[in-house]
2 protein chains.
Amino acid sequence: MKFCPNCGASVARRVPPGDSLPRDVCDACGSVHYQNPRLVVGTVPEWEGKLLLCRRAIEPRYGFWTLPAGFMENDETAGEAALRETAEEAGAHVELGSAYSMISVPRVNQVHLFYRARLQDLEFKPGVESLDVALFEEAGIPWKEIAFRTVGLTLKHWFADRARGAYGFHAEDIK
Amino acid sequence: MKFCPNCGASVARRVPPGDSLPRDVCDACGSVHYQNPRLVVGTVPEWEGKLLLCRRAIEPRYGFWTLPAGFMENDETAGEAALRETAEEAGAHVELGSAYSMISVPRVNQVHLFYRARLQDLEFKPGVESLDVALFEEAGIPWKEIAFRTVGLTLKHWFADRARGAYGFHAEDIK
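Predicted model only: the values in this text are computed from it and were never measured.

1. Brief notes about the interface of chain A and chain B
If you look at the interface, chain A gives 39 residues, while chain B gives 39 residues. Buried surface at the junction of chain A and chain B, summed over both partners, amounts to about 3,200 Å²; 54% is from carbon and sulfur atoms. Our count for the chain A to chain B interface comes out at 4 salt bridges. For the pair chain A and chain B, the number of links is 16 residue pairs in polar contact (both at pLDDT 80 or more). Mapped by element, the contributors of at least two residues to the side of chain A that touches chain B are β4 (38-47), α1 (78-90), β8 (94-105), β9 (110-119) and β11 (170-173) of chain A.

Okay, here's the thing in C-alpha cells:
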C-alpha cells in the first residue's frame, strides 16, 4: 500500500502507538490500515467413493488439478463460500457435510478450509476458471499434478480416514 | 475505500469484467481491490476445570468478559495467533490443544476460531486490552456479561462437551 484508501495521501509503514507490528499509517487523516490473512474455502465432493477435482484454467498452477475452492467473500458464511466455489468452479451441486481440514499457509497469508460434501448428481461441468472437471478413484488421483499442497494433504487425509472408517477434523500448518 | 492504495487515484465501485461482485476498481492503474472476511482467533484456557476469561478494556463491549482472542496477523499460523492473543490479552502461558469452534459472523465479515488450551501456571495478568483476567467455574460464568455471541456459544459447547466426556469440533454460523 502506497496511498491512503481513505484520503489519498501517502502512507508510511511504521508501528502505530500501542501496537506491536508495522502498519500502513496515514498522517494526513490518521487512519491505520491493517492487512490480514484471507480464507480460501472449498469442498471435497464425493460420488460413490470417487472425488471430484477441477483442472485449473488460471494461474497460479494452470493445468494442475485442485479441489473446488476460492477466496471467501464478505457477507457470506464459510459454508456458503464452499458451496458457491463448488458451483462456480465445477458447476456441481453438493450437500455440504462437516468442516474437514483447516490448513494455515503463512507464506502466502492464507488459511485453507475444506468441507466434506456429497455430489447430488453428475451434472457438473467446468466453470470459467476450470479446464476440466472429473471424478477420480483413489488409484487414479493425479498426485504429481495436484495444484496446491493443502489440496494434496486434504486428499490424503480423506482416503486415510475412509480406510479407517472415521472422518476427523484436520488442523495443521504448511510452514 | 475511496482512493486507490496503489496509485492514489479515485476508485469506482463496480463489477469488474469476469467477476460477479462489485469491487473497488481503479481506472487509472487498472488495479482491483478485494475485501475479504478476517479471522479472529483465540483460546479456551482451562485450569482444573475452570476457564480463563478477560474483561475488556476496549470497545466494542468495554467491561464485558471474553475469551482471549484477536485478529490473526499476516505471517503467522492460526495456532500461533491463538497463542499470541492469549499472551497479549491475559499474560497467560498455555499449551495449545485442538481446534475447537469455528463460527462465521457474516454481519461483521469475520470468522471466529477458538482452540482448546491448558494453562501452564497461574501467572496470568491483564494485558493492555484487558481490565481483569480471572478463572471461572461453570456456575460462576458471567453469562449476562459475555462480550460476544461467539464466545458464549463456545463456552456452552465446552461445558456441554465436558459433561458428556468428549470434546468435538463445532462449526456454525451467526446470521
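Still more to cover.
2. Notes on the packing of aromatic side chains
Enumeration over the complete set of coordinates arrives at 11 aromatic pairs over all chains. Here the aromatic rings of Phe169 of chain A and Phe169 of chain B are separated by 3.7 Å at their centres, their planes lie at 10 degrees, and the arrangement is stacked. With Phe169 of chain A in the loop between α2 (149-164) and β11 and Phe169 of chain B in the loop between α2 (149-164) and β11 (170-173), this pair bridges two chains. Since its relative accessible area comes to 22%, Phe169 of chain A is described here as partly exposed. Taken together, Tyr100, Trp143, Trp158, Phe159 and Tyr167 of chain A form an aromatic cluster joined through their ring pairs. The side chain of Arg116 of chain A reaches across the aromatic face of Tyr167 of chain A, ending 3.7 Å from its centre. For Lys156 of chain B, the ring lying beneath its charged end belongs to Trp143 of chain B, and the centroid distance is 4.1 Å.

3. Thoughts on the sheet that holds strand β1 (residues 12-14) of chain B
Residue and element names in this part refer to chain B. Sheet architecture is open: 3 strands sit in the order β1-β2-β3, paired in antiparallel fashion. Unpaired on one side and paired on the other, β1 and β3 (32-33) mark the two borders of the sheet. Bridge analysis of strand β2 (residues 23-25) against β3 gives 2 bridges, and the strand direction is antiparallel. Of the residues in β3, the one forming a bridge with Asp24 is His33.

Calculation criteria
Position numbers for residues count from 1 along each chain, tracking the sequence in the order it is written. The naming scheme follows written order: chains are lettered A onward, ligands numbered 1 onward. Per-residue local features are limited, in this predicted model, to residues with pLDDT of at least 70; the limit for side-chain atom pairs, both in listing and counting, is 80 or more; totals at the level of whole chains, interfaces and linings are taken over all residues. Side-chain figures throughout are based on the complete set of non-hydrogen atoms in the structure, without hydrogens or water. Should any heavy atoms of two residues lie within 4.5 Å, those residues are considered in contact. A simple way to read buried area is as the amount of 1.4 Å-probe accessible surface that goes missing from two parts once joined, with both sides added. Salt bridges are identified by distance alone: a Lys or Arg side-chain nitrogen within 4 Å of an Asp or Glu carboxyl oxygen. Identification of polar contacts relies on pairs of N or O atoms within 3.5 Å, with a donor-acceptor requirement for protein atoms, meaning one able to donate a hydrogen and the other able to accept it, and with residues adjacent in sequence counted only if both atoms are side-chain atoms. Think of it this way: any DSSP run of H or I at least four residues long counts as a helix, any run of E at least two long counts as a strand, and we number them from the N terminus. Planes of paired rings set the category: under 30 degrees apart is stacked, over 60 is edge-to-face and the rest tilted, where pairs are Phe, Tyr or Trp rings (Trp by its six-membered ring) whose centres lie within 6.5 Å. When a residue's accessible area, from a 1.4 Å probe over protein chains only, is under 20% of the maximum for its type it is buried; when over 50% it is exposed; and in between it is partly exposed. The rule for a charge over a ring is simple: NZ of Lys or CZ of Arg within 6 Å of the ring centre, and within 35 degrees of the ring normal. Strand pairing is assigned whenever DSSP detects at least two bridges linking the two strands.

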